[in-house]
Structure formats: structure tokens, C-alpha cells
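# Fold and geometry: a report
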Amino acid sequence: MKGIQDYYPDHFAHCYGCGRLNEHGHQIKTFWEGEGTLTRFVPKEYHTAIPGFVYGGLLASLIDCHGTGSAALALAKAQGIELSETNAPRCVTASLQVKYLKPTPIGGEIVIKGKIKEVGARKVIVEAELFANGVLCVVGEVVSVLVPDNFGL
Ligand SMILES: CCCCCCCCCC(=O)SCCNC(=O)CCNC(=O)[C@H](O)C(C)(C)COP(=O)(O)OP(=O)(O)OC[C@H]1O[C@@H](n2cnc3c(N)ncnc32)[C@H](O)[C@@H]1OP(=O)(O)O
């Protein structure tokens, strides 16, 4: 099953967290699940913080790109864009907040659930919850903005 990341134009598909064309990256896939969004990821042993637990920077990275992916899904829906090959809206992160509630164990699948809190013409706010083995370990909020034509200039 395709995620929103499979519909990004090639030149926007190299992100370390979510670019399908980045062979060294996480290549996450984000989908609708009901009214919310979903991303799954299985950390490797080398994603260790202290033995047995996932490095917090990785978790922030997953929430980051789950946020931009969810934002792209929300913008596509709000703007009536029917996704075909590479016509998905592309957002960048304007703000990323992460709260680590509990240590996140390595050794299974991580599930990140997103709730679309606000959708504007260009800006989307997503609330994220990250679960390991069904236990809520991290929460976050991502403000994403549709990438401007002058990005990086
Ligand atoms: C080439 C693209 C590659 C795509 C890769 C995506 C990877 C995704 C994950 C990432 O790691 S992205 C990389 C990290 N992020 C950046 O490097 C972004 C750097 N910042 C920027 O480029 C600009 O500041 C940004 C595009 C985010 C906003 O600039 P704009 O000139 O487009 O924003 P504008 O001032 O028009 O504001 C649009 C809305 O966003 C809001 N906004 C802008 N910056 C914000 C901020 N920092 N925090 C919260 N809200 C912000 C702003 O208030 C406004 O809200 P309202 O529509 O409600 O009025």
C-alpha cells in the first residue's frame, strides 16, 4: 500500500526521514486511518539510546516526518487533489515539539498516530502520539508549511 510519500515529486523525495529516494533514510510511509493518520516503523538495534531503548532523536525525526506527511494528506484532502503519480503537496517543518513521556523500548513496531488540529491554505498543525507495544511513549506537535517556491533562497 502506498503512503503519501510515494506521491511526492522526485525532487522532494530525498528527505532522510521520509524520502523514498533516500537509500540511507527511514523511508516512512504515512496513510489515512479513519479521520487520523498512521505511520509504522521498526527501530533497529543501532537506534539505541541506552541498551533496550530507542534514541530520542530518531523518535523526534519520525514525528517530524509523520507530521509533514500528515500535513500533505490533509492539504490534498482539503484542496480536493486526487493523488496520482507525483502530485502530492509537499510541506516542510516550521516547528517541531516533542515530549518524551516514557522510555521507548526497542524490539517491536512503533506506531505513530496523527490528528489534524488545523488546516489552512498553506499551514497544517498535526498532533502526534507515538506508541511502542501499545504504550504511549512520546507526544508531539508539528507545524508544517507548504514548501514555498523560494525555499532556501
Ligand atoms: C525542498 C523541499 C524539501 C522537502 C523536504 C521536507 C522534509 C520534511 C522534514 C524536514 O526536516 S523539513 C527541514 C526543516 N525545516 C526547514 O528547513 C524549514 C525552514 N523554514 C522555512 O523555510 C520557512 O520559515 C517556512 C517555509 C517554514 C515558512 O516560511 P514562509 O515564508 O513560507 O511562511 P509564512 O511567513 O508565509 O507563514 C505561513 C504560515 O506559517 C506560519 N509559520 C511560519 N513559520 C513558522 C514557525 N517557525 N513556527 C510556527 N508557525 C510558522 C506563519 O505564522 C503562517 O501562519 P498563518 O497562515 O496561520 O498566518
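What counts, and at which threshold
Residues numbered from 1 in each chain as written. Predicted model: local features only at pLDDT ≥ 70, side-chain atom pairs only at ≥ 80, totals over all residues. Heavy atoms only, no water. Near = heavy atom within 4 Å. Polar contact = N/O pair within 3.5 Å; in protein donor to acceptor, adjacent residues only side chain to side chain. Helix = DSSP H or I, 4+ residues; strand = E, 2+ residues; numbered from the N terminus. Nonpolar A, V, L, I, M, F, W, Y, C, P; charged D, E, K, R; others polar. UniProt positions renumbered as here; feature names shortened; annotations may be inferred. Pairing = 2+ DSSP bridges. Axes fitted to C-alpha atoms, helices over the stretch in contact; angles between N-to-C directions. Contact = heavy atoms within 4.5 Å. Phe/Tyr/Trp six-rings, centres within 6.5 Å; stacked < 30°, edge-to-face > 60°. Lys NZ or Arg CZ within 6 Å of the ring centre and 35° of its normal. Salt bridge = Lys/Arg side-chain N within 4 Å of Asp/Glu carboxyl O.

Residues in contact with the ligand amount to 17 residues; listed here are only the nearest, Thr93, Ala94, Arg122, Lys123 and Phe151. Note that a nitrogen atom of the ligand is positioned 2.9 Å from one of the backbone N or O atoms of Thr93. Within the side chain of Lys123, a nitrogen or oxygen atom sits 3.0 Å from an oxygen atom of the ligand. Those elements that place two or more of their residues in the shell around the ligand are α1 (56-78), β3 (91-100) and β6 (135-146). Of all the elements, β3 adds the most residues to the shell around the ligand, at five residues. Looking at the shell around the ligand residue by residue, the class counts come to 10 nonpolar, three polar and four charged.

UniProt's entry tags residues 52-133 with the feature "domain: Thioesterase" (unreviewed entry), counted in the numbering of this structure. Helix makes up 28% of residues 52-133 and strand makes up 37%, while its end C-alpha atoms are separated by 13 Å.

Through backbone hydrogen bonds, the strands of a sheet pair up, either in parallel or in antiparallel fashion. Spatially, β1-β2-β4-β5-β6-β3 is the arrangement adopted by the six strands of the open sheet, whose pairing is antiparallel. Both edges of this open sheet fall to β1 (30-33) and β3, since each of them pairs with a single strand only. Neighbour-to-neighbour, the strand axes of the sheet open up by a mean angle of 25°, direction not taken into account. Pairing geometry for strand β4 (residues 110-119) and strand β5 (residues 123-132), over nine bridges, is antiparallel. From the neighbouring strand, Ile110 faces β5, where its bridge partner is Ala132. Strands β1, β2 (36-41), β3, β4, β5 and β6 of the sheet are contacted by α1, whose axis makes an angle of about 135° with β3.

What the rule picks out here adds up to zero aromatic pairs. It is Lys77 that lies over the ring of Trp32; its NZ or CZ is 4.6 Å from the centre. For Arg90, the ring lying beneath its charged end belongs to Tyr8, and the centroid distance is 3.9 Å.

With that out of the way, let us pick up the pattern of salt bridges. Using the criterion set out here, one finds seven salt bridges in the structure. Where Glu141 meets Lys117, a salt bridge forms, and the shortest distance between an N and an O atom there is 2.9 Å. You can see Glu141 sitting in strand β6 and its partner Lys117 sitting in strand β4, a full 24 residues away along the chain. Taken together, the salt bridges that share partners define one network made up of Lys117, Glu127 and Glu141.

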